[in-house]
Amino acid sequence: MKSLLIIMGLPLVLAACHNQSKRVQDFIPGTYVNAAKGEYGVANDTLVITAGGELHYHLVWRTGYRALRDGKLLPRRLRVKNYETVFDPAKLELSEPQSGRVFRFDRARGVLLINQAVYRKL
């Protein structure tokens with residue numbers, strides 16, 4: 001009887017996991033921003049994520065950085081990096097195989113998380 005209940009409940013569990021995965025995938029595309037300030041400078045990041053296929057996403061990471069020397073901000077420097085990422089439906093995150101970067105999402109807060117950094121979705 002127990003095994004019958006487990007077998008009958010398995011499709012419900014799988015459907016719930018699939019629905020959660022689909023909701024995260026629907027949330028992923030968009031623009032995310034973060035600003036950071038420290039004793040050595042200020043930085044502004046913009047990440048633009050677009051769907052590239054069933055589980056593939058293209059990510060463009062733009063960083064504007066101004067170093068701080070002797071109390072004065074130096075001219076702004078820009079850096080652009082492109083990543084091809086893959087969505088893992090089990091972990092609900094994007095990963096970039098070459099760099100090993102992992103991009104996690106919190107739909108409830110509307111944010112993207114990279115290590116300790118929090119990027120707000122616009």
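This section reports on the structure supplied with the text. (Residues numbered from 1 in each chain as written. Predicted model: local features only at pLDDT ≥ 70, side-chain atom pairs only at ≥ 80, totals over all residues. Heavy atoms only, no water.)

### Details of the nonpolar core
Thought 1: By size, the foremost hydrophobic cluster in this structure holds 18 residues, and its most contacted members are Leu47, Ile49, Phe103, Phe105 and Leu112.
Thought 2: Among the elements that take part in this core, strand β3 (residues 56–69) stands out by supplying three residues, more than any other.
Thought 3: In this view, Phe105 contacts Val24, Phe27, Ile28, Tyr32, Ile49, Leu92, Leu94, Val111 and Leu112; residues no more than four positions away in its chain are not counted. (Core = buried A, V, L, I, M, F, W, Y, C linked by side-chain atoms within 4.5 Å. Buried < 20%, exposed > 50% of the residue type's maximum accessible area, 1.4 Å probe, protein only. Helix = DSSP H or I, 4+ residues; strand = E, 2+ residues; numbered from the N terminus. Contact = heavy atoms within 4.5 Å.)

### Quick word on the pattern of salt bridges
Thought 1: All chains considered together, the criterion is met by two salt bridges.
Thought 2: Note that Lys22 and Asp26 form a salt bridge whose closest N and O atoms lie 3.0 Å from each other. Of this pair, Lys22 and Asp26 both sit in helix α1 (residues 2–27), four residues apart, which is roughly one turn of that helix. (Salt bridge = Lys/Arg side-chain N within 4 Å of Asp/Glu carboxyl O.)

### Some thoughts on the packing of aromatic side chains
Thought 1: Here the structure, examined in full by the defined rule, presents seven aromatic pairs.
Thought 2: Centroid distance Phe27 to Tyr32: 6.3 Å. Interplanar angle 70 degrees. Geometry classified as edge-to-face. Both residues of the pair, Phe27 and Tyr32, belong to the buried class.
Thought 3: Centre to centre, the rings of Phe27 and Phe105 are 6.3 Å apart; their planes meet at 80 degrees, and the pair counts as edge-to-face. Of this pair, Phe27 sits in helix α1 while Phe105 sits in strand β7 (residues 101–106), placing them 78 residues apart in sequence.
Thought 4: Note on Phe27: relative accessible area 13%, which makes it buried.
Thought 5: Linked through ring pairs, Trp61, Tyr83, Phe103 and Tyr119 together constitute an aromatic cluster.
Thought 6: Over the ring of Phe27 we find Lys121; its NZ or CZ atom is 4.2 Å from the centre of that ring. (Phe/Tyr/Trp six-rings, centres within 6.5 Å; stacked < 30°, edge-to-face > 60°. Lys NZ or Arg CZ within 6 Å of the ring centre and 35° of its normal.)

### A look at the pairing of strand β1 (residues 30–38)
Thought 1: Relative to strand β2 (residues 41–51), β1 is paired through nine bridges, and the arrangement is antiparallel. By the bridge assignment, Ala35 is partnered in β2 with Asn44.
Thought 2: Between β1 and β2, which pair antiparallel one after the other, the connecting turn spans two residues.
Thought 3: As defined by bridge partners, β1 adjoins strand β9 (residues 117–121) across two bridges and the pair is classed as antiparallel. Residue pairing in the sheet places Val33 in a bridge with Arg120 of β9. (Pairing = 2+ DSSP bridges.)

### Considering the environment of Arg23
Thought 1: Checked against the element boundaries, Arg23 lands in helix α1.
Thought 2: Overall, the relative accessible area of 40% leaves Arg23 in the partly exposed class.

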